[in-house]
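The residues making up each chain are set out below.
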Amino acid sequence: FVSQDLDKIARLNPSALDRVITVSCEIKAEVVRQDEREAGLRRILNFGHTTAHAVERLTGYSRFKHGEAVAVGMVTASLVSRERGAASSDVCEIVEVIKAAGLPHKLPPELSNRDVVKAMGYDKKVSQGRLHAVLIRSIGDAYVADDTPPELWEKALEEQSRL
């Protein structure tokens, strides 16, 4: 419904905002209810954050607001997800909604893909030298992958630069 109501959401239509906020809170509350102690499932709430944290770190937390950095990261994670088997149509929908919302969807030009991937290695989601990133199988079906090599992220970032 975000895709369908994006224009209303952007114009701050009260009923559209109420719906998107209410449903978002309900989804988050259900995930937290199922994983109160952060044993695993709750990590799916970090979709897009792996790249976002790297971008924020490399830009001194001054280039983007957190949500904007997450939008960039959602595009990156979506492209990595497609390489891992996610439906192209779902990935395209995520990218198009982010772009249509006027959110940033690419890395700032001063950052190199390699530097971003290296900075991702400092994320709190790295455990035993492996990056645990949130990816999607389809819209609404996220999972944590712990076996995405740096080259896959660099490839996604390269593709992202051409969007």
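It should be noted that the structure appears before, not after, this text.
Residue positions are counted from 1 within each chain, in the order its sequence is given. Given that this is a predicted model, residues contribute local features only at a pLDDT of at least 70 and side-chain atom pairs are listed and counted only at 80 or more, while totals for whole chains, interfaces and linings are drawn from all residues. For the side-chain quantities, the full set of heavy atoms in the structure was used; hydrogens and water were omitted.

1. Overview of the nonpolar core
To form a nonpolar core, buried Ala, Val, Leu, Ile, Met, Phe, Trp, Tyr and Cys residues must be joined to one another through side-chain atoms within 4.5 Å. The rule is simple: take the accessible area with a 1.4 Å probe, protein chains only, and divide by the maximum for that residue type; under 20% is buried, over 50% is exposed, in between is partly exposed. Grouped together as the largest cluster of nonpolar side chains are 35 residues, with contacts concentrated most on Val80, Leu107, Val116, Met120, Leu135 and Trp153. For this analysis, residues touch if any pair of their heavy atoms sits within 4.5 Å. Aside from chain neighbours lying at most four places away, what touches Val80 is Leu135, Thr148, Leu152, Trp153 and Ala156.

2. Let's talk about the pattern of salt bridges
Salt bridges are defined as contacts in which a side-chain nitrogen from Lys or Arg sits within 4 Å of a carboxyl oxygen from Asp or Glu. According to the stated counting rule, one finds 11 salt bridges in the structure shown. Here Asp7 makes a salt bridge to Arg11, at a shortest N to O gap of 3.7 Å. Like Asp7, the residue Arg11 is exposed in the burial classification. For Arg63, the salt bridge is made with Glu110, and the minimal N-O distance between the two is 3.5 Å. Residue Arg63 is located in the loop between helix 3 (49-58) and helix 4 (66-83), and its partner Glu110 is located in the loop between helix 5 (88-100) and helix 6 (113-120); the two are separated by 47 residues in the primary sequence. Classification of Glu110 by relative accessible area gives exposed; the value is 52%. In this text, helices come from DSSP runs of H or I with a minimum length of four residues, and strands from runs of E with a minimum of two, each type numbered from the N-terminal end.

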